[in-house]
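# Working through the structure, step by step
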Amino acid sequence: MAADQDQEQRRRLLDVASRFPLPAGCRFSYGTAGFRADGATMAPAICRAGILAALRSVKLAGATVGIVITASHNPIGDNGAKIADPDGGMMDQHWEPFADALANAPDPDALLQLVLQFAKDEGIPLGSHYTAQVLLGRDTRPTGEYLLDAALQGINAIVGAHAIDMGILTTPQLHWMVRSKNKGVKASESAYFKQLINSFRHMLELVPKDKSGDELANKLIVDGANGIGGVKLEQIKAELSGLDIIVRNSGKEGEGILNHMCGADFVQKERVTPHGFSPEDVGVRCASLDGDADRLVYFRVSSASDNKVDLVDGDKILSLFALFIREQLDIINNDGSKVNKLLPAKLGIVQTAYANGASTQFLKDLGLEVVFTPTGVKYLHKKALEYDIGVYFEANGHGTVVFSENFISQLESLSKELSSQADNGSAQYHAVMRLMAASQLINQAVGDALSGLLFVEAILQYRGWSFQNWCELYSDLPSRQLKVKVIDRSSIVTTDAETKVSQPSSLQELIDKETVNYSHGRCFVRPSGTEDVVRVYAEASTQVEADSLAKSVAQHVERLLG
Ligand SMILES: CC(=O)N[C@H]1[C@@H](OP(=O)(O)O)O[C@H](CO)[C@@H](O)[C@@H]1O
Ligand SMILES: [Mg+2]
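Please read these numbers as outputs of a predicted model, since none were measured by experiment. (Residues numbered from 1 in each chain as written. Chains lettered and ligands numbered in written order. Predicted model: local features only at pLDDT ≥ 70, side-chain atom pairs only at ≥ 80, totals over all residues. Heavy atoms only, no water.)

## Observations regarding the confidence of the model for the protein chain
For the protein chain, mean pLDDT is 94; residues scoring 70 or higher make up 97% of the total. Predicted complex, confidence summary: ipTM 0.98, pTM 0.95. (pLDDT = per-residue confidence, 0-100.)

Now the structure itself:
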């Protein structure tokens, strides 16, 4: 690099690092979902995430990358940042160790040396003629604006980098925008809404005529977690024909606190009605989003006498999606008696060990290929991309359906072929069109509560299904999750997609010994990637047994590592 540009680059990095000194005792880690901590302490880490994102864009020849400032379902005081790669997915894991080192560089000089060394190792052409582009989005948290400024300063510390603030968005909107920008298509919020509204309308146009539902079937109450998802849904709900959406915990002034006693995480973990719901809602289909609208669960208020809910979690959403896609493929490929395989497709289902065993059994009984990855959507998404159609979900409601480009182009040519054959009223043609509409509707970059919700609604209408029909797909096995505080959670090492402990080896033997005592018993432990705890998960044929299995294994963890 020319000497003056080199000097300029060094000066900017030293400058920005001295503006955001690392507070004593702070340690940041780019965990399961980026950096996350108390929002008031996050500015240095977010500024460095800005540097990181700009470097990532330079490395990728100026492709657009993204930063979302959010702490998802965490309490309102927390905040954080995640980086989106050019395809809209999570940042390549290969860069995570550098992300950690950069966030924890103790002083400006250390930070400069780290960046220079990393640029050299990765072949990043610092200071030469290049451009880098970073899109920024943030959720509704009060620390968002201040942290956005820290991120902007970090981005601007890389010579040639250009930041665009896309405003207050859901996490999946920002991921979608990054992906769209790199595909050379419109990346604005109105383009995102238009795609959702139009593809949802297409899906409804393809609903068989005998399936149109009654008033109750069209009514949906959405718990917006007092976050950004409710705000965005309010903006578009009038344009969603065929649905009567009521938003509660919508994020409006005075309605409540972000994620407090509401939202997808609360409903899934506590299994009780969120704030703002009452016995009057008994029987109505309800959905719950998390604070940044990348998680979705459904529920129904069970009875007027208590606050319990019937939960439809990510596993059951996944099952509904898988069933629908499989049915469309069957319609296309089994034309009457002859099996002609017009559209050979590899369909893969991706889950984690937290998926309820009953859901896995249900999917396997359908003859579907089910595979497992470690916890965290970055693993699930990557695995799903190996298929023509990959469907993935975490039990907590984060997931999507990804279609390969090759499969989409096959669908396109098949739709042309079938429409020109004068039988474009055929069941096959309609199934092809449904899959095409689905690939437009469901976010291809990352799990998206808004697009997931519309996909669920379209499928329920297509099948003419009530919430009850959906619930009855299978019965969840009773389960229990516990958290155990230990001295050093990293002393637990797992294998086989986290279902087995390899270290300490005696722990797995103890888990096995406990588990054999329970019918349908299954149990695993793993260190959390977002909290300083070890998580214990147990399943068994009754709640009492699941509780007891989890408790005994938690005691072993405490005894060995506490
Ligand atoms: C059991 C569980 O729900 N784990 C969550 C949680 O990860 P942990 O590594 O378990 O803390 O947060 C992740 C990020 O939101 C999410 O992807 C994951 O599913
Ligand atoms: Mg979230």
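## As for helix 14 (residues 405-420)
Three or four residues apart is the spacing at which side chains of an α-helix point the same way, because the helix has 3.6 residues per turn. In this model helix 14 runs 23 Å from its N-terminal to its C-terminal C-alpha over 16 residues, within 8% of the 22 Å that 1.5 Å per residue would give. For helix 14, the complete set of buried residues consists of Phe-407, Leu-411, Leu-414, Ser-415 and Leu-418. Each buried residue of helix 14 sits inside an arc of 105° when the element is viewed along its axis, so together they form one side. Projecting away from the buried face of helix 14 at angles above 90 degrees are the exposed residues Glu-405, Lys-416 and Ser-420. On its buried face, helix 14 is in contact with helix 11 (314-333), strand 15 (389-393), strand 16 (399-403) and helix 15 (427-441). (Helix = DSSP H or I, 4+ residues; strand = E, 2+ residues; numbered from the N terminus. Expected span 1.5 Å × (residues − 1). Buried < 20%, exposed > 50% of the residue type's maximum accessible area, 1.4 Å probe, protein only. Arc of directions from axis to C-beta. Contact = heavy atoms within 4.5 Å.)

## Some remarks on empty space enclosed by the protein
Empty pockets left among the atoms are what a rolling probe the size of a water molecule brings to light. Under the counting rule described, the total for this entry stands at two cavities of 30 Å³ or more. For the largest cavity, the calculated volume is near 60 Å³. Together, Tyr-30, Gly-31, Thr-32, Ala-33, Gly-34, Lys-82, Met-90, Met-91, Glu-96 and Lys-378 line the largest cavity. Approximately 40 Å³ is the volume found for the second largest cavity. (1 Å grid on protein atoms, 1.4 Å probe; cavity = no way out; pocket = protein on both sides within 12 Å on 5 of 7 lines; lining within 4 Å. Points joined across faces, edges and corners; volume = space filled by probe spheres on them.)

## Observations concerning the UniProt feature "binding site: substrate" (unreviewed entry) in the protein chain
The sites that carry the UniProt feature "binding site: substrate" (unreviewed entry) are, in the present numbering, Glu-394, Ala-395, Asn-396, Arg-526, Pro-527, Ser-528, Gly-529, Thr-530 and Arg-535. For Gly-529, the location among the structural elements is in the loop between strand 20 (522-527) and strand 21 (534-539). On the accessibility criterion, Gly-529 (30% relative accessible area) is partly exposed. The residues contacting Gly-529, other than those within four sequence positions of it, are Gly-31, Thr-32 and Arg-489. (UniProt positions renumbered as here; feature names shortened; annotations may be inferred.)

## Observations concerning the packing of aromatic side chains
Going through the model one piece at a time under the given rule, you end up with 19 aromatic pairs. Centre to centre, the rings of Tyr-192 and Phe-193 are 5.8 Å apart; their planes meet at 55°, and the pair counts as tilted. With relative accessibility at 1%, the residue Tyr-192 sits in the buried group. Connected via pairs of aromatic rings, a cluster forms that spans Phe-321, Phe-324, Phe-393, Phe-455 and Tyr-462. (Phe/Tyr/Trp six-rings, centres within 6.5 Å; stacked < 30°, edge-to-face > 60°.)

## Looking at the sheet that holds strand 7 (residues 244-248)
Strand order in the open sheet formed by five strands is 7-6-8-9-10, with mixed pairing between adjacent strands. A single partner strand is all that each edge strand has here, and the edge strands are strand 7 and strand 10 (309-312). Strand-to-strand twist across the sheet, computed as the mean angle between neighbouring axes with direction ignored, equals 30°. In the sheet, strand 6 (residues 219-223) pairs with strand 8 (residues 286-289) via three bridges, with the strands oriented parallel. Paired with Val-222 across the strands is Ala-287, a residue of strand 8. Packed onto the sheet, helix 9 (residues 228-236) meets strand 6, strand 7 and strand 8 and runs at close to 145° relative to strand 7. In this fold helix 16 (residues 449-463) packs onto strand 6, strand 8 and strand 9 (296-301), with an angle of close to 55° to the strand it touches most, strand 9. (Pairing = 2+ DSSP bridges. Axes fitted to C-alpha atoms, helices over the stretch in contact; angles between N-to-C directions.)

## Here's the deal with the layout of surface pockets
Of the voids in this model, the second largest pocket is the one considered here, and its volume is about 820 Å³. As for the second largest pocket, its lining consists of 37 residues, and the residues nearest its centre are Gln-195, Ile-408, Ser-439, Gln-440 and Gln-444. Here the residues of the lining of the second largest pocket sort into 16 nonpolar, 13 polar and eight charged. Counting contributing residues, the lining of the second largest pocket receives three or more from each of domain 1 (3-186) and domain 3 (315-471). (Nonpolar A, V, L, I, M, F, W, Y, C, P; charged D, E, K, R; others polar. Domains from an automatic or database assignment.)

## Comments concerning the site of ligand 1
Near ligand 1 you find 15 residues, and of these Glu-394, Ser-528, Gly-529, Thr-530 and Arg-535 are the closest. Within the side chain of Arg-526, an N or O atom sits 2.8 Å from an oxygen atom of ligand 1. Here Ser-528 contributes a side-chain N or O atom positioned 2.6 Å from an oxygen atom of ligand 1. Protein burial of ligand 1: of its 440 Å² of free accessible surface, 91% is covered by the chains. Considering only residue class, the shell around ligand 1 consists of two nonpolar, nine polar and four charged. (Near = heavy atom within 4 Å. Polar contact = N/O pair within 3.5 Å; in protein donor to acceptor, adjacent residues only side chain to side chain. Areas by Shrake-Rupley, 256 points an atom, 1.4 Å probe, with all protein chains shown as cover.)

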